[in-house]
Amino acid sequence: MFCNYGFSWGGWHFGGWFMPGLFILIIIAIILWQMQKRPTVVAPHLSCPKCSGSVQASYFRCPHCGEALKHNCPNCSRIIEYDWQFCPYCNEHQTQQTSASGAPAK
Ligand SMILES: [Zn+2]
Ligand SMILES: [Zn+2]
């Protein structure tokens, strides 16, 4: 098996530098894999509906263009997200005020 120094398979020499080199490569791959799946706080990545800039869920206003990302429910006046279709507090249907397609017919 591999104890035979100079064992060849498919033209590749498994003896000498190849086995420790492969071992180091596996170690590096494991380290990179561990770095990739490090525990990070997964923040929902949202984009501004106006300028498509990156905004966070906690933002009230887009820092890039000033577009309001949250607004008050016209029914209960609670602060709701701009992309919510319904108010979770009073079940009021939200019209898309942030879209530039004009006033929706209701
Ligand atoms: Zn924006
Ligand atoms: Zn409401």
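Preceding block: the structure.
Residues numbered from 1 in each chain as written. Chains lettered and ligands numbered in written order. Predicted model: local features only at pLDDT ≥ 70, side-chain atom pairs only at ≥ 80, totals over all residues. Heavy atoms only, no water.

1. Concerning the overall build of the protein
Across its full length, the protein carries one helix and six strands. Ordered by position in the sequence, the α and β elements of the protein form the string β-β-α-β-β-β-β. When each of the 106 residues of the protein is scored for burial, the buried share is 16%. A separation threshold of at least 6 residues defines the contact pool for the protein, and within that pool the share at least 24 residues apart is 8%. A total accessible area of about 8,500 Å² is found for the protein, and carbon and sulfur atoms account for 62% of it. (Helix = DSSP H or I, 4+ residues; strand = E, 2+ residues; numbered from the N terminus. Buried < 20%, exposed > 50% of the residue type's maximum accessible area, 1.4 Å probe, protein only. Contact = heavy atoms within 4.5 Å. Areas by Shrake-Rupley, 256 points an atom, 1.4 Å probe, with all protein chains shown as cover.)

2. Some details on the coordination of the zinc ion (ligand 2)
Protein coordination of the zinc ion (ligand 2) is provided by Cys73 (SG), Cys76 (SG), Cys87 (SG) and Cys90 (SG), with donor distances spanning 2.2 to 2.3 Å. Taken together, the four donor atoms surrounding the zinc ion (ligand 2) define angles of 105 to 113° at the centre, an arrangement classified as tetrahedral. Sequence spacing among the residues donating to the zinc ion (ligand 2) works out to C-x2-C-x10-C-x2-C. A residue pair is termed long-range when its members are at least 10 positions apart, and Cys73 in the loop between β5 (70-72) and β6 (79-81) and Cys90 in the segment after β6 qualify at 17 residues. (Donors = N, O, S within 2.8 Å, 3.2 Å for Na, K, Ca; no water. Tetrahedral: all angles 85-135°; square planar, octahedral: opposite > 155°, others 65-115°.)

3. With respect to the coordination of the zinc ion (ligand 1)
Around the zinc ion (ligand 1), the donor atoms from the protein are Cys48 (SG), Cys51 (SG), Cys62 (SG) and Cys65 (SG), and they sit 2.2 to 2.3 Å away. Bound by four donor atoms, the zinc ion (ligand 1) shows angles of 106 to 112° at the metal and therefore tetrahedral coordination geometry. The class of Cys65 is partly exposed, set by a relative accessible area of 31%.

4. Focus on the side chain of Gln94
Examined against the element boundaries, Gln94 turns out to sit in the segment after β6. Overall, the relative accessible area of 3% leaves Gln94 in the buried class. Here the side chain of Gln94 touches Glu92 through a polar contact of 3.0 Å, landing on its backbone oxygen. Gln94 has contacts with His71, Cys73, Pro74, Ile80, Trp84, Gln85, Phe86 and Cys87, leaving out every residue within four places of it along the chain. (Polar contact = N/O pair within 3.5 Å; in protein donor to acceptor, adjacent residues only side chain to side chain.)

5. Observations concerning the pattern of salt bridges
For the coordinates displayed, the defined rule picks out two salt bridges. The partner of Lys50 in a salt bridge is Glu67, with the nearest N and O atoms 3.9 Å apart. Here the residue Lys50 occupies a position in the loop between β3 (45-47) and β4 (54-56), and Glu67 occupies one in the loop between β4 and β5, the gap between them amounting to 17 residues. Judged by relative accessible area, which is 57%, Lys50 ranks as exposed. (Salt bridge = Lys/Arg side-chain N within 4 Å of Asp/Glu carboxyl O.)

6. Re the packing of aromatic side chains
One pass over the full model with this rule turns up zero aromatic pairs. The aromatic ring of Trp33 is capped on one face by Lys37, whose charged end is 5.0 Å from the ring centroid. It is Arg78 that lies over the ring of Tyr89; its NZ or CZ is 4.8 Å from the centre. (Phe/Tyr/Trp six-rings, centres within 6.5 Å; stacked < 30°, edge-to-face > 60°. Lys NZ or Arg CZ within 6 Å of the ring centre and 35° of its normal.)

7. Digging into the environment of Phe60
Tracing the chain through its elements places Phe60 in the loop between β4 and β5. Overall, Phe60 belongs to the partly exposed group, its relative accessible area being 48%. Along the sequence, Phe60 and Tyr82 sit 22 residues apart, while their C-alpha atoms lie 9.4 Å from each other. The residues contacting Phe60, other than those within four sequence positions of it, are Glu67, Ala68, Leu69, Lys70 and Ile79.

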